Amino acid sequence: MESNQAELAKAYDAQSIQKEVTQMWDAEKLWHAEPDERPREKRYSIVIPPPNVTGALHLGHAINNTLQDILIRYHRMLGDNTVWLPGTDHAGIATQTVVDKRLQAEGKPALKEYKACEAKGGNGREQFLQKVGEWKTEYEARILGQLRAMGCSCDWDRTAFTMDEPRSKAVREAFFQLFKAGLIYRGKRLVNWDPVTQTALADDEVEMEEVDGSFYYLKYPVYEQSGTGYQPVNDEHGQVAHATVATTRPETMLGDTAVAINPKDPRAASLRGKFVTLPIVDRIVPIIEDEYVVLPIAHGGDENDAKAKFSSGFLKVTPAHDPNDYILGQKYNLPMINVMAPDASISLDHGWGALEPHQKDNETLKRYIGCNRELARASVVEFFKANGLLEKIVPYRHSVGHSYRSHAPIEPYLSDQWYCKVTDPRMAGAANASLAPDQRSSPSESSMGVPPMAQQQEHERDAHDTKNDGLRFFPERHAKTFESWHNNIRDWCISRQLWWGHRIPVWSKTFAFPNDIETDAMEMVYEWAGRASIVFTPKGEWNPRNWNFEDSNFEEYDPKDWNEQIAGEFECFVCIDTDPIYMAETVIAQDLEKAGFTRDPDVLDTWFSSALWPLSTLGWPENDAKAVDYWNPTSVLATGRDIITLWVSRMVMFNQFLENRLPFQTVYINPTIQDGQGQRMSKSLGNGVDPMDIIESHGADAMRFTLASMATQTQDVKLPVDLIDPHTGETFEPKFITTPAGHVVAAPIQEHKGKKCISSYGAASGAAKPTPEMPVAKNTSSKFDLGRFFCNKLWNAGRFVLMQISGQSSVGSGQDHATAAHRPLPTAHFVDESKWSTIDRWILSRLARTVQACNEAINSYRFDNYAKAAYDFVWRDFCDWYLEASKPAMKDPNRREETARILATCMDVSLRLMHPMIPFITEKLWWALRDTNAPSGIDDRFPTFASKKPRVMTAPFPIFDDRMDTLTSGGAERVVERLQEIVGAIRNVRNDNKVDQKKRVNVTLVCESAICHHLENNREFIEGLALCTLDAVGPDAKEPANSTKTTAAGVTVFVVGVIDAGAAEKRKAELTKQIAGMRTKLSNEGYVAKAPPKVVEETRAMLAAAEAELAKL
RNA sequence: GGGCGAUUAGCUCAGUUGGCUAGAGCGCCUCGCUUACACCGAGGAUGUCGGGGGUUCAAGUCCCUCAUCGCCCACCA
């Protein structure tokens, strides 16, 4: 008890408060929750989003963690059974380049050596995974450590990691269910291939970057069929005719299987049925006609079409190396010739050689084999040039997909991958159908429509909980992004050729028909039918015959009957049920491997496991995990805009499919924090601000408060980044430079006060090397001063209140100023309203309205309004006016008891009100308030909890209700506003005339008799706050000599002893202008006739007042 | 190319269904360390609300248009 008060004598120290309060939270585990009997509407849950893919923690995470913690703490204080599950995703350490760098830094073998080891039959993969597992621990500690430092009240007993066994089991179970339902398939498709890390990427893992390239115009000789052979075609000049194609990737011509022309092209008719010969490979390919080909301007193309300017009218078709060509290839049934190895070098070994065995003897081609893309491109161009087949090269700037992992250009690459059929109505359709009706576009606008199953689900959901009618976005406009994503969605490539991740739980083996039908392995397949989902498909294609145990007709699928469907080889894919009837998952896997089945070497896309987060963190699919049914659907997901398609969509689809309900009821999209130039914070630009640095420099509460106040409804907020001089600790604005890519970044080397330091861009880009003389400067932002100033103010106001209500004049000062008025306060149990002044009624009214504003703000996810309302009350109303007004009242024995009660009440209520936003400081002040045992609370209108609840974290959040509403007083607010204006006017006169701040001046107020008593009753307030003595107040008060006249709130104010001739003139001019404006308005017939009478009346009243004032002057 | 958003004080941003003299914080200027607070207090200056048009008695707010900037998606002929 003593210590809490003694410490309050000290200045605000965020660090020590954080430390002390954190210890309490750790010891008492107030954040822990277990399922109980509380009804559904009293359950509240959030699952924390896994951090982003680079593992860089910056304010983008801090803002949504802060906002989520506000919601969690708010609901906990409302008495909800509240849980927030912290977790980490593996993505942050999954990038191969990061892994490789790290391995080398630690003196370990490089990734390729682990791979070589594995290839030779060693346990390279296992060794590698073990190594990465160690880093994970470190990485996880960093992320969870940041959350703790921020004050996030996660349930630390329920931390989850995507790769741990409960989460892994969830992945296997989800995969199994999707597989069984036919929503997972294997396909030979064109994928986004990263040749450096040699893995496929999802569409959204591809980043577009502008690069300077060229258009190469290649001439292909035109041929026609003659008899059994082909002959060159001559043009009108007797020369060999050519079809010129324009391409940015000449090397892919090795895989061309057609040349296309638009049928509208005037040249098309004469080329119909003809062919071209591809140089180098000597392949004769057809000229096909398709409207897709852009007409060149010279042949009727659209002049406004950028492509028409470059088009030659002929399009080379390379189905294996271009997504659009792939579509054409399918349409015209063209061969797909893959000419590249996985590392994007030219190769005959990945399909090409099998299709065209003769190419192995092609001497011209030999020099291209093994070349990488860049070299092959140069060589091909060189060949065309040397043979007179290169028409021209035109420079062209265009955007090219790059891998977000390696930043290498993406190669569209034909390969076998696993896909999740998200285009199925049970997935994308269900996701759109799960939107709340008022956030959904009409069915006619949505190309997906609402599948019958989703309608069914909707019906069940309604029955389940009528309050929640579907997924809801805040701000609402984001629902549109979500919806259109699903309307245009493509199947999701879920396999990745990596090692660190969830391995695809599918075993496969090739069988030959009919010879292998009677083998032991096949007999086992029959036996496993009950514990696995099994697919038979002709080798190399996906044309499955599902064979599930539950399917009573599985006899129909007897492979013996397949002779017409499957000739030759077929493949058997087995996906094991995680909850088999009578045999463990691992035993089946072992049996499979013994029987010659091999597990798929690929791992799943990281978002596959992330998509299960709202289920897997709660213990799904374990039957005894009560938490799943209790807290899923979770209440809210707070996240960034860019995540809507990556993660939100997938969580909705998976949760809907697997559990037939939403993963969360609300998606709150927080603004994206950008740097001062409007650029996203990124590691490579070095413009990210580390929340831990801010916590160190400003405190966690200050950071949280500032972030909350930045959470407006806009989609981006700019946060100018400053640097901290490592030599002096001072903050300064960096000098900026523009990178060739057009980014504005802090110059690598910065100078402040004659000493140099390195910006984080300099360090990240490697442009400057840190030395002891030239260390790296941390990033910060002066924006966080707002929060720090506020916390400091609150702390000091708290000290003052505690001092007052505990009857001490100066806590810990050692001096004894005690007088009669300073003796300890008696404990009053009854509120004596008769002793309340107008100011008392006003502050309680303001407090009630602040509670109301905060309630509304949080419920509508307007965190900025929440912060603003709290700020305005604490600083503007309470500190600026009420605290000052309370000083004389506390010296008056007749009033001090009630005043102390009101001071304590304001503190009690506002601490509870602000705790979700600034948890540390409010907790600390609460303990001190509690220890005073001072009477607080205004009966059941502002019930007090200071003496009843030891922790503010579990005290009730103030809720505005009818009883509290009885304390709102428009009358008191109007009177105090008037008083404030008068005080302001007097201060104004004093300041304008340089009156000594300590000098008390004499003032006379002339007012209407109607308001005279208000002024008289609050004489003390005016005299105290404007440091004056009121000589006379009333309608008949005389103008004193030697005084300056001013007007405030309809009251004429004379300040004696100050002469300011200019003031009256200034005021006259102001009034004249106002009067003119209002007269114009009122002389407008339309205004008087059409504007609401109330508005007109107000204008008239104001005009009258202004005219009266002017007349007096 | 499709979608979303922004443009209000020197800077960062509020401004809810159109209606009092357009606000806040920081910064700037003047004065003041008065026992809650100098991370403070009192006061002050600063705005053609991006440009143009329209609807209306009335537009920062609604509509059209132009300009600039940003983000997401699509696109490598």
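Residues numbered from 1 in each chain as written. Chains lettered and ligands numbered in written order. Predicted model: local features only at pLDDT ≥ 70, side-chain atom pairs only at ≥ 80, totals over all residues. Heavy atoms only, no water.

Caption draft 1: Quick peek at the environment of Phe 873. Relative to the helices and strands, Phe 873 is located in helix α28 (residues 863-890). Of the residues examined, Phe 873 reaches a relative accessible area of 2% and is grouped as buried. Separated by 432 residues in sequence, Phe 873 and Ser 441 place their C-alpha atoms 41 Å apart. The contacts of Phe 873, once residues within four sequence positions are left out, are Ile 843, Arg 846, Leu 847, Thr 850, Phe 878, Cys 906 and Ser 910. (Helix = DSSP H or I, 4+ residues; strand = E, 2+ residues; numbered from the N terminus. Buried < 20%, exposed > 50% of the residue type's maximum accessible area, 1.4 Å probe, protein only. Contact = heavy atoms within 4.5 Å.)

Caption draft 2: Looking closely at the packing of helix α27 (residues 838-859) against α28. With their axes 9 Å apart at the nearest point, α27 and α28 run at an angle of 170 degrees to one another. Here α27 lies roughly antiparallel to α28, going by the angle between them. Taking contact as the criterion, the partners of Ile 839, Asp 840, Trp 842, Ile 843, Arg 846, Leu 847, Thr 850, Ala 853, Cys 854, Ala 857 and Ile 858 in α27 are, on α28, Asn 865, Tyr 866, Ala 869, Ala 870, Phe 873, Asp 877, Phe 878, Trp 881, Tyr 882 and Ala 885. Among the residues making up the contact of α27 with α28, the classes are represented as 16 nonpolar, two polar and three charged. (Axes fitted to C-alpha atoms, helices over the stretch in contact; angles between N-to-C directions. Parallel < 35°, antiparallel > 145°, perpendicular 65-115°, else oblique. Nonpolar A, V, L, I, M, F, W, Y, C, P; charged D, E, K, R; others polar.)

Caption draft 3: Molecular detail of the packing of aromatic side chains. Per the counting criterion, the structure on display carries 38 aromatic pairs. Judged by centre distance (5.6 Å) and plane angle (65 degrees), the rings of Phe 128 and Trp 499 are edge-to-face. Note that Phe 128 is positioned in helix α6 (residues 124-150) and Trp 499 in the loop between β18 (495-496) and β19 (506-513), a separation of 371 residues in sequence. Since its relative accessible area comes to 11%, Trp 499 is described here as buried. A centroid spacing of 6.0 Å and a plane angle of 20 degrees characterise the contact between Phe 873 and Phe 878, whose relative ring orientation is stacked. Phe 878 gets classed as buried once you look at its relative accessible area, which sits at 6%. (Phe/Tyr/Trp six-rings, centres within 6.5 Å; stacked < 30°, edge-to-face > 60°.)

Caption draft 4: A look at the sheet that holds strand β26 (residues 664-669). As summarised here, the arrangement of the three strands in space is β16-β26-β25, forming an open sheet in which the pairing is parallel. Each edge of the sheet is formed by a strand with only one pairing partner; in this case those strands are β16 (472-474) and β25 (634-639). Averaged over all adjacent pairs, the angle separating strand axes in this sheet is 20 degrees, with direction ignored. Where β16 and β26 come together, three bridges link them in parallel fashion. The residue bridging Arg 472 from the neighbouring strand is Thr 666, located in β26. (Pairing = 2+ DSSP bridges.)

Caption draft 5: Geometry of the protein's contact with RNA strand B. Neighbouring RNA strand B are 68 residues, the closest being Phe 215, Lys 718, Lys 783, Asn 792 and Lys 1090. In RNA strand B, atoms within 4 Å of the protein come 62% from sugar and phosphate. Note that a sugar or linking oxygen of RNA strand B is positioned 3.0 Å from one of the backbone N or O atoms of Ala 246. With respect to RNA strand B, the backbone of Val 294 contributes an N or O atom lying 2.7 Å from a base nitrogen. Counting only elements with at least two residues in the surface near RNA strand B, the list comes to β7 (206-226), β9 (242-247), β14 (390-403), β28 (716-719), α26 (785-805), α28, α32 (970-992) and α36 (1085-1090). Here the surface near RNA strand B takes ten residues from α26, the largest share from any one element. The class makeup of the residues in the surface near RNA strand B is 26 nonpolar, 20 polar and 22 charged. (Near = heavy atom within 4 Å. Polar contact = N/O pair within 3.5 Å; in protein donor to acceptor, adjacent residues only side chain to side chain.)

Caption draft 6: Summary view of the nonpolar core. By size, the foremost hydrophobic cluster in this structure holds 142 residues, and its most contacted members are Leu 59, Phe 942, Leu 1005 and Ile 1022. Here the element with the most residues in this core is α28; it accounts for 16 residues. Not counting chain neighbours up to four residues away, the residues in contact with Phe 942 comprise Leu 844, Leu 847, Ala 848, Val 851, Thr 905, Val 909, Gly 937, Met 964 and Leu 967. The next biggest cluster of nonpolar side chains, apart from the first, holds 63 residues, and it includes Ile 184, Trp 613, Leu 637 and Phe 654. (Core = buried A, V, L, I, M, F, W, Y, C linked by side-chain atoms within 4.5 Å.)

Caption draft 7: Broad picture of the side chain of Asp 290. Positionally, Asp 290 belongs in the loop between β12 (283-289) and α9 (306-310). On the basis of relative accessibility, which here comes to 6%, the residue Asp 290 falls in the buried class.

Caption draft 8: Main features of the packing of helix α14 (residues 425-433) against helix α16 (residues 478-487). The contact between α14 and α16 brings their axes to 9 Å, and the two run at 155 degrees. Relative to α16, the element α14 lies roughly antiparallel. The handedness of the crossing between α14 and α16 is left-handed. Mapping the contact onto sequence places Ala 428, Ala 431 and Asn 432 in α14 and Phe 482, Glu 483, His 486 and Asn 487 in α16. Taken together, the residues of the contact of α14 with α16 break down into three nonpolar, three polar and one charged. (Left-handed = near helix turned anticlockwise from the far one by under 90°.)

Caption draft 9: Structural context of empty space enclosed by the protein. Across all of its chains, the model carries eight cavities of 30 Å³ or more by this definition. In this structure, the largest cavity encloses a volume near 120 Å³. If you go around the largest cavity, you meet 15 residues; those closest to its centre are Gly 686, Asn 687, Val 721, Phe 736 and Ala 746. It is strand β32 (residues 744-746) that provides the largest number of residues to the lining of the largest cavity, a total of three residues. Looking at side-chain class alone, the lining of the largest cavity contains eight nonpolar, six polar and one charged residues. In this structure, the second largest cavity occupies an estimated 70 Å³ of space. (1 Å grid on protein atoms, 1.4 Å probe; cavity = no way out; pocket = protein on both sides within 12 Å on 5 of 7 lines; lining within 4 Å. Points joined across faces, edges and corners; volume = space filled by probe spheres on them.)

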